[in-house]
Amino acid sequence: MSKFHVQDSSVIERRLRPIYEWLDSGNNKKSLHECDKVLKKSPNLLCAKALKALTLLRIGKESDSIAVLDNLITECPTDEATLQAMTLCFRELQQVDRICKIYEAAVRQDPSNEELHTHLFMSYVRISDFKSQQRAAMALYKFKPKNPYYCWAVMSILLQATRGEDKNDPKKRNLLLSLAERMMDKLIAENKMDADQQVQLYIMILEQQKKYKEIIEVMDGPLGRKLSCTDIPLAKIPYFINLRRWSDVNLICKKILAESVDKWNVWKHYVNSVLELMSQNKIINNVDNHELKENNLDTIDDTPEKAHEFICGLVENGADNGFLLRGPYLARFELCSKLVDRGIDTTELLGETIELFVEYFRKFGHKPCCVTDLRSYLKLLDEDKKSDLSSRLLKDVGISATNIPKSEQQMQRHISALQLSRLCGSHRNLPDVHLKALVTAFSLHYQHGYQSYGTQLLPTDLGPSDPYALLAAHVMYDLAQMQKSAEPIIVALVLLEWLLKKSPSNFHAKLLCVRLYHTVGGAIGAQNMYDSLEIKHLQLDSLGYIHCARLPTTGLIGIATSHYDTTLKFFASNYKDSADHLTSSYKFGSFAKLEDFMDFRERLNHSLHYAAVTIDKIMLTFMCCLDLEALGCNLAQNLNPDWDLLRNNSDLNVYSNWDPERVEGPPEESEEIKTLFEQDVDFLKLRAQVVYATITALEIAKATTGIQEAQLDKLERIVEEWGDLEKCVRKKDYKPFSRDRITLPLPSRIHCALECPYQTILGNLFKFLVGLVKQEKEIYDELLTVIKTELNNLIENVDSMIKQTVDFLQLRTTMEFVVNNVEIVCIACIIYDMCNDLVKPRQSKKGKKNHIVETKEREAVLDLAEALKTTTKKFDTILHLWSTVSTQTDIVSELESLNLNNCGNEVFQTILSSHIQAVTELRLIIKTKSGLIILYGGE
């Protein structure tokens, strides 16, 4: 076999090619067969061993794969193919730190290999080891003095200052930044800086030190000419703002706006500069100077009058050229808003504010963007003027109760007027008769618009009249809250389902359907709509709150498990994929993007939704497990959220929103959302304690005597912290926020969780388990009395809650309450099974039963078993009776008024089938858990 020790590379490549092909096609068994065949002929071929490790890993033989990898590491491979295969293995094993080890060993074997040094640097990038990155980059630069490698070292130093261990130490941070600056100064002095990215890196270092004046000098000097991909005038604005050089900001903005009048971010800077100059009381331009200037762009606008003159000049210029751009018109609103904020009357300069709205609507009301443009400025009007504006806009459109739009453009103007009218609060405080009349009118307008302008559209197009139906759905939700009835919501669902048959790509309607189905307990309908949205990748996080986060409360355990697997797979792959984004940024020198990618990575890692799904997935595992063997002690190994860093990544702007509250600002800034976030974090903390306690109890049940003592102390500490946390949360006295807005998420799950006896049942069961191990006989009776009483109360509360459910609007909250109590009973059964294992007689070496367990312990566990068997039996009976929902709902007349006859049955059946399936799944779980309750000695 010695002839294979040194082989021609083409021969090796030919032998390995089938393995790569089978791996690429996903046929891992064939790949393993080829690996064995190659290794039989060439037992020392390291690449074949690495590929075998990868194949074993993908087959599911993780331990065998690790054994092969450990053996490979001892041989210190240096060839690229072997190292890449090992890198893939460690990435899939989520052991990226070991990638560094193999490349460190490879570099020691072949210290002059540039490619190995590069891979070593990139391996440090994957684990964010900035100091090692710096060392590796400088080592690479020493024998290959290339600018990119030098900049890698500088960037690593910059990251140590901004994201490393010393980021909060001002002295060390400043020292690192000054070092990075000196290194770049050396590159400049040697005239080696020759690329756009290198100049950007220099600017980043100066920016971190707040050397804004030096940045502007760089942009104006020879280095600025290398910034080929940067709009230098635009890039200067933030630095001039930081230096408070408002005159420079003003002049730059004017020159940019003269060429591009629709740059809205520049308009805001311009208006701010005008007001800042005005507040400084420095009249830079006297009247004579202003008159002598032929080009108005060379003068500084330091008063609102000059700003208004500049804006009007651009408006007139656009009108003369026969085109209308929204920028200058919106700039007048921005100027008006800033002046009002400073307490300055704008009537003399801009006229009546309401006239600005009317003028803008007349020019741009036919564009869908009109409403979003004006929405943030409606706060300039008081309630009376908002009412007046609403009336004037509707009158201006020329459509009343007796006529219909004569063109598609007029229809869009009517839709914009109606949406602005709702934003002005015209739908608030209307009696239900008027709201029903509005719904009828909107529905008829929608049907007319579809027949006139929507029949020839592609399936991927949104219908031009669809917003009428969306408005009708919003009004019907208002009606449901007013009447405390689910009937208007079901009518809204019928209308939206009908819309989607004609406009199947309307995601606004689908999102509303998901929300409305969840409101009335129709989770299967929500699931169907969610599937049609084809949500994937980043949306699994940003839109997770609309459906995935609510699934545990619906009772549809199978659907919830599937969603959680998909979501957790996304978060896991993000961590691996985002490392590739970082390495690519270094390869291409995109240093400015590195910070964005790292922020993105951290944002997802600290996602509230990620933490919630992780915890809920573990709780579902507890509910669905068949026995203790199905539960691994490593269930919670990835559950270690940093509660202080959690953030809400939900995209709350995805819903079309015309509620008056939206005028005050985006949903993320509302007090309701901030409070909801606090409630959700506290809810997750409580659930995490349940998970930690259950996993620790499982470790006690499976541990030997020596290890048990440490775990017992840990369990007692967790239960105590859990009790203290719950007391603290209850003191906060959280209240569910109002449900009067359809675009807000549903209330936090913490409210229902606090109504359920998690702590009183499970907390006492954990104490009971600790008492069994410690043989504290005196506490058995006391704890069992409390547990049995609470189990009886649980059954009574569930039965009472179900009997009080008389409307679909109550179905969601009742189901959530039932699911929580099922969860409690399931975990209680798991704890019982642990207790039963602890008191079972152990088999001696001779096969005889070793009766070392005291009778008192066995009797206590038998007593607990009887209580749980009674509970599960009663619970199953209650759920069986709840399989049929009796709700009185008659919406025939409402559907007839909307020309939706015979369309409501499908929605009803969807809601009912959701309920039946949920109850069936919950009954199955209860029956499965009752199987865990096997009485010792009863066989």
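Here the residue index of a chain counts from 1 through its sequence in written order. Local features in this predicted model are restricted to residues of pLDDT 70 or higher, and side-chain atom pairs are both shown and tallied only at a pLDDT of 80 or more, whereas totals for entire chains, interfaces and linings draw on every residue. Excluding hydrogens and water, the side-chain figures rest on all heavy atoms present in the structure.

**So, the overall build of the protein chain**
This is how it is decided: Secondary structure elements follow DSSP: runs of H or I of four or more residues count as helices, runs of E of two or more count as strands, with numbering from the N terminus. Accessible area is worked out with a 1.4 Å probe on protein chains only. A residue is then buried under 20% of its type maximum, exposed over 50%, and partly exposed in between. Any pair of residues with heavy atoms lying within 4.5 Å of one another is described as a contacting pair. Shrake-Rupley sampling with a 1.4 Å probe provides the accessible areas, and residues are treated as covered by the protein chains on show and by no other component. Note that His is not counted, nor are the chain ends; the positive residues are Lys and Arg, and the negative ones are Asp and Glu. Just so you know, the charge point we use is NZ for Lys, CZ for Arg, CG for Asp and CD for Glu.
Looking only at helices and strands, one finds 41 helices and 2 strands in the protein chain. Based on the C-alpha atoms only, the size of the protein chain along its principal axes is roughly 115 × 85 × 55 Å. When the 939 residues of the protein chain are sorted by exposure, 52% land in the buried category. In the protein chain, the proportion of contacts linking residues at least 24 apart, taken out of those at least 6 apart, comes to 72%. Of the roughly 43,200 Å² of accessible surface on the protein chain, 50% is carried by carbon and sulfur atoms. Measuring between centres, the 114 positive side-chain charges of the protein chain sit 6 Å from its 127 negative side-chain charges.

**Quick look at empty space enclosed by the protein**
We count it as follows: The definitions used throughout rest on a 1 Å grid laid over the protein atoms alone, on which a cavity is an enclosed set of points accommodating a 1.4 Å probe that cannot get out and a pocket is an open set flanked by protein within 12 Å on both sides along at least five of seven lines; lining residues are those having an atom within 4 Å of a point. Grid points are joined across faces, edges and corners, and a volume is the space filled by probe spheres set on the points. Each residue is assigned to one class: nonpolar for Ala, Val, Leu, Ile, Met, Phe, Trp, Tyr, Cys and Pro, charged for Asp, Glu, Lys and Arg, and polar for all the others, Gly among them.
Under the criterion given, the structure shown has 7 cavities of 30 Å³ or more. Each pocket or cavity is described by its volume, and for the largest cavity that value is around 420 Å³. Tyr545, Ala549, Arg550, Asp680 and Pro745 are, among the 26 residues lining the largest cavity, the residues nearest its centre. Among the secondary structure elements, those contributing two or more residues to the lining of the largest cavity are α27 (507-519), α32 (608-624) and α33 (671-702). Top element by residues in the lining of the largest cavity is α33. It accounts for 5 residues. Looking at side-chain class alone, the lining of the largest cavity contains 16 nonpolar, 6 polar and 4 charged residues.

**A look at the state of the cysteines**
The following threshold applies: In what follows, a disulfide is any cysteine sulfur pair within 2.5 Å.
In total, this model carries 0 disulfides according to the counting rule given. No disulfide involves Cys752; its sulfur sits 4.5 Å from that of Cys756, the nearest cysteine. Residue Cys752 is classed as buried on the basis of its relative accessible area of 10%. Classification of Cys756 as buried rests on a relative accessible area of 5%.

**A few points about the side chain of Arg515**
Counted only if it meets this: Whenever a carboxyl oxygen of Asp or Glu lies within 4 Å of a side-chain nitrogen of Lys or Arg, that contact is scored as a salt bridge.
By the element assignment, Arg515 lies in helix α27. It turns out Arg515 is buried and unbridged, and the closest side chain with the opposite charge, Asp740, is 8.3 Å from it. Look past the residues within four positions of Arg515 in its chain and what remains in contact with it is Tyr477, Tyr655, Arg741, Ile742, Leu744, Pro745 and Leu746.

**Examining the packing of aromatic side chains**
Quick note on the threshold: Each Phe, Tyr or Trp ring, with Trp reduced to its six-membered ring, pairs with another whose centre is within 6.5 Å; inter-plane angles below 30 degrees give stacked pairs, above 60 give edge-to-face pairs, and intermediate values give tilted ones. To sit over a ring, a charge needs its Lys NZ or Arg CZ within 6 Å of the ring centre and within 35 degrees of the ring normal.
On inspection of all chains with the given rule, the structure shows 21 aromatic pairs. Ring centres 6.4 Å apart and planes at 75 degrees place the aromatic pair Tyr586 and Phe591 in the edge-to-face group. Looking at Phe591, the relative accessible area reads 3%, which means it is buried. Between the NZ or CZ atom of Lys254 and the centre of the ring of Phe310, over which it lies, the distance is 5.3 Å. In this structure, Lys502 is placed above the aromatic ring of Tyr450, and the distance from its NZ or CZ to the ring centre is 5.6 Å.

**What about helix α13 (residues 232-242)?**
Every buried residue of α13 is accounted for by Ile232, Lys236, Ile237, Tyr239 and Phe240. Residues of α13 that are buried in the fold lie against α11 (196-208), α12 (212-220), α14 (246-259) and α15 (264-279). Immediately downstream of α13, the backbone of Arg244 shows phi near 60 degrees, a positive value.

**Things to note about the pattern of salt bridges**
Enumeration according to the criterion identifies 46 salt bridges in this entry. Of the charged contacts, one joins Arg58 and Glu92 as a salt bridge, the two residues approaching to 2.8 Å between their closest N and O atoms. With Arg58 in helix α3 (residues 46-59) and Glu92 in helix α5 (residues 80-92), this residue pair connects regions lying 34 residues apart in the sequence. Note that Asp478 is salt-bridged to Arg422, the shortest N-O span being 2.9 Å.

**Details of the nonpolar core**
Let me state the cut-off plainly: We define the nonpolar core as a collection of buried residues of types Ala, Val, Leu, Ile, Met, Phe, Trp, Tyr and Cys that are connected through side-chain atoms lying within 4.5 Å of one another.
Core analysis: the biggest nonpolar cluster contains 308 residues, and Ile546, Tyr586, Leu762, Phe768 and Phe875 have the highest contact counts within it. Looking at this core element by element, the count peaks at 21 residues for helix α38 (residues 808-839). Residues contacting Ile546, with those up to four places away along its chain left out, are Leu511, Val514, His518, Tyr530, Leu533, Ile535 and Tyr655.

**Structural notes on the packing of helix α39 (residues 855-881) against helix α41 (residues 905-930)**
What counts, and what does not: Between N-to-C directions, angles cover 0 to 180 degrees, with each direction set by a line fitted to C-alpha atoms, over the stretch in contact for helices. Put simply, angles under 35 degrees are roughly parallel, angles over 145 are roughly antiparallel, angles from 65 to 115 are roughly perpendicular, and the rest are oblique. Here a crossing is taken to be left-handed if its near helix is turned anticlockwise relative to the far helix by less than a right angle, and right-handed if that turn runs clockwise.
Axis separation between α39 and α41 bottoms out at 10 Å; the angle between their running directions is 165 degrees. Classified by the interaxial angle, the pair formed by α39 and α41 is roughly antiparallel. The crossing of α39 and α41 is left-handed. The residues of α41 that touch α39, namely those facing Lys869, Thr872, Phe875, Asp876, Leu879 and His880, are Val919, Leu922, Arg923, Ile926, Lys927 and Ser930. Across the contact of α39 with α41, the residue classes tally to 5 nonpolar, 3 polar and 4 charged.

**Here we look at the packing of helix α37 (residues 780-803) against α38**
Close contact between α37 and α38 brings their axes to 10 Å; oriented N to C, the two are set at 160 degrees. Here α37 is positioned roughly antiparallel relative to α38, judged by the angle of their axes. The chirality of how α37 crosses α38 is left-handed. Here Leu794, Asn797, Val798, Met801 and Ile802 of α37 lie close against α38, whose contacting residues are Thr813, Thr814, Phe817, Val818, Asn821, Ile824 and Val825. Looking at the contact of α37 with α38 residue by residue, the classes come out as 8 nonpolar, 4 polar and no charged.

**Quick word on helix α28 (residues 523-533)**
Extensive coverage of α28 is indicated by the burial of 8 of its 11 residues. For α28, every residue scored as buried is listed here: Ala523, Ile524, Gly525, Ala526, Gln527, Met529, Tyr530 and Leu533. Following α28 by one or two positions, Glu534 adopts a phi angle in the positive range, close to 55 degrees.

**Observations concerning the confidence of the model for the protein chain**
How we decide: Per residue, pLDDT captures the predictor's confidence, and it can take any value from 0 to 100.
With 92% of its residues at a pLDDT of 70 or more, the protein chain has an overall mean of 87. Ignoring residues within four places in sequence, the model shows residues 282-295, a span with pLDDT below 50, making 17 contacts including any to other chains.

**What about unusual backbone geometry?**
A positive phi angle, near 60 degrees, is found at Lys210, a position not held by glycine. Summarising the element assignment, Lys210 is placed in the loop between α11 and α12. Phi at Glu534 is positive, roughly 55 degrees, even though this residue is not glycine. Here Glu534 lies in the loop between α28 and α29 (539-542).

**Focus on the side chain of Arg687**
Let me state the cut-off plainly: Here a polar contact is taken to be a pair of N or O atoms separated by no more than 3.5 Å, where protein atoms must pair a possible hydrogen donor with a possible acceptor and residues adjacent in sequence count only if both atoms sit in side chains.
Assignment of secondary structure puts Arg687 in helix α33. Taking relative accessible area as the criterion, Arg687 reaches 5% and is therefore assigned buried. A polar side-chain atom of Arg687 sits 2.9 Å from a polar atom in the side chain of Glu823. Contacts of Arg687, omitting those with residues within four sequence positions, involve Ile615, Asp616, Met619, Arg749, Tyr758 and Glu823.

**What about the environment of Leu538?**
With respect to the helices and strands, the residue Leu538 is situated in the loop between α28 and α29. Judged by its relative accessible area of 40%, Leu538 falls in the partly exposed class. Residues Leu538 and Leu809, 271 residues apart in the sequence, show an inter-C-alpha distance of 32 Å.

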